[in-house]
Amino acid sequence: MPAKTTQTDAGGFSADERAAMKERAAELLAEGKKGAKKADGLQAVLDRIATMAPADRALAERVHVTVTSIAPQLSPKTWYGMPAYANEDGKVVVFFQDSGKFGYRYSTLGFQDAAQLDDGDLWPVAYAVAQWGPAVEKRVVELVEAATS
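Thresholds applied
Residues numbered from 1 in each chain as written. Predicted model: local features only at pLDDT ≥ 70, side-chain atom pairs only at ≥ 80, totals over all residues. Heavy atoms only, no water. Helix = DSSP H or I, 4+ residues; strand = E, 2+ residues; numbered from the N terminus. Buried < 20%, exposed > 50% of the residue type's maximum accessible area, 1.4 Å probe, protein only. Polar contact = N/O pair within 3.5 Å; in protein donor to acceptor, adjacent residues only side chain to side chain. Contact = heavy atoms within 4.5 Å. Pairing = 2+ DSSP bridges. Salt bridge = Lys/Arg side-chain N within 4 Å of Asp/Glu carboxyl O. Axes fitted to C-alpha atoms, helices over the stretch in contact; angles between N-to-C directions. Phe/Tyr/Trp six-rings, centres within 6.5 Å; stacked < 30°, edge-to-face > 60°. Lys NZ or Arg CZ within 6 Å of the ring centre and 35° of its normal.

Engineer: Let's hear about the side chain of Arg 48: which residues, and what values?
Structural biologist: Residue placement: Arg 48 occurs in helix H2 (residues 37–50). For Arg 48, a relative accessible area of 17% puts it in the buried group. A polar contact of 2.5 Å, which involves the side chain of Arg 48, links it to the backbone oxygen of Gly 81. If near-sequence neighbours (up to four positions away) are discounted, Arg 48 is found in contact with Thr 78, Gly 81, Pro 83, Asp 98 and Lys 101.

Laid out in structure tokens, this is it:
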């Protein structure tokens, strides 16, 4: 298997994208199991955060603490290998993509269609996160509250 790259091959997907899809397939298989699914999801998120580079890990930890305290009804799980938080229907509402995932310049806080962020005909669903501070935390709290209301 070639080294991971973010460049797209002739087939259309980069090695990083193919790896993310394989991670998602494994996640879907694991979700079929009953029992301690939520605990397993939390552990998977914590394990994934632990593998991140220090700067990304610090951001992911703050996102995790903020989301779980503001929206305890969301269940932590991994989604395409990223920490994510799903509603009672299992649909991802919010996720965190570390900058190292695809070699990006910044980490991303993203929202899926289950989030209630609709605002007219155009609204943002992903936010670049370079550093954590009071202003960033306040905005993340507002977004998570809006997404789950």
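Engineer: I'd like a rundown of the pairing of strand S5 (residues 126–129), residues and numbers included.
Structural biologist: A one-sided burial pattern is seen for S5, the buried positions being Tyr 127 and Val 129 and the unburied ones Ala 126 and Ala 128. Summarising the sheet, strand S4 (residues 107–111) and S5 pair through four bridges and their orientation is antiparallel. Its bridge partner lying in S5, Ser 107 is registered against Val 129.

Engineer: Tell me about the pattern of salt bridges, residues and numbers included.
Structural biologist: With the rule as written, the count across this model stands at four salt bridges. For the salt bridge of Glu 137 with Arg 62, the shortest nitrogen-to-oxygen distance reads 3.9 Å. Separated by 75 residues along the polypeptide, Glu 137 in helix H4 (residues 134–147) and Arg 62 in helix H3 (residues 54–70) bring together distant segments of the chain. By relative accessible area, which is 29% here, Glu 137 ends up partly exposed. Look at the salt bridges and you will find they share partners, linking Lys 138, Arg 139 and Glu 142 into a network.

Engineer: I'd like a rundown of the sheet that holds S4, residues and numbers included.
Structural biologist: Backbone hydrogen bonds hold the strands of a sheet together, and the pairing may be parallel or antiparallel. Within the open sheet, the five strands sit side by side as S1-S2-S3-S4-S5. Their pairing is antiparallel. Strands at the two margins of the open sheet, each flanked by one partner only, are strand S1 (75–79) and S5. Taking the axes of each pair of neighbouring strands and ignoring which way they run, one obtains an average angle of 20 degrees across the sheet.

Engineer: Which residues make up the environment of Thr 148, and what are the values?
Structural biologist: Positionally, Thr 148 belongs in the segment after H4. Residue Thr 148 is classed as partly exposed on the basis of its relative accessible area of 26%. Counting along the chain gives 55 residues from Thr 148 to Val 93, while the straight-line C-alpha distance between them is 7.8 Å. If sequence neighbours within four positions are ignored, Thr 148 has contacts with Ala 71, Gln 73, Leu 74 and Val 93. One polar contact links the side chain of Thr 148 to the main-chain carbonyl oxygen of Val 144, over a distance of 2.8 Å.

Engineer: How would you summarise the packing of aromatic side chains if you had to cite specific residues and measurements?
Structural biologist: Centre distance and the angle of the planes are the two values used to describe a pair of aromatic rings. For the coordinates displayed, the defined rule picks out four aromatic pairs. Note on Phe 102 and Tyr 104: the rings are 5.9 Å apart at their centroids and 45 degrees apart in plane angle, and the pair reads as tilted. What makes Tyr 104 partly exposed here is its relative accessible area of 43%. Ring plane angle 90 degrees and centroid distance 6.2 Å describe the contact between Phe 111 and Tyr 127, whose orientation is recorded as edge-to-face. Taken together, the residues Phe 111 in strand S4 and Tyr 127 in strand S5 connect sequence positions 16 residues apart. Exposure class is identical for Phe 111 and Tyr 127. Each is buried. By the ring-pair criterion, three or more aromatic residues cluster together here, those being Trp 79, Tyr 80 and Phe 95. Above the ring of Phe 102, the side-chain terminus of Lys 101 is found at 5.9 Å from the ring centroid.

Remember that the coordinates give geometry; whether it matters functionally is a separate question.
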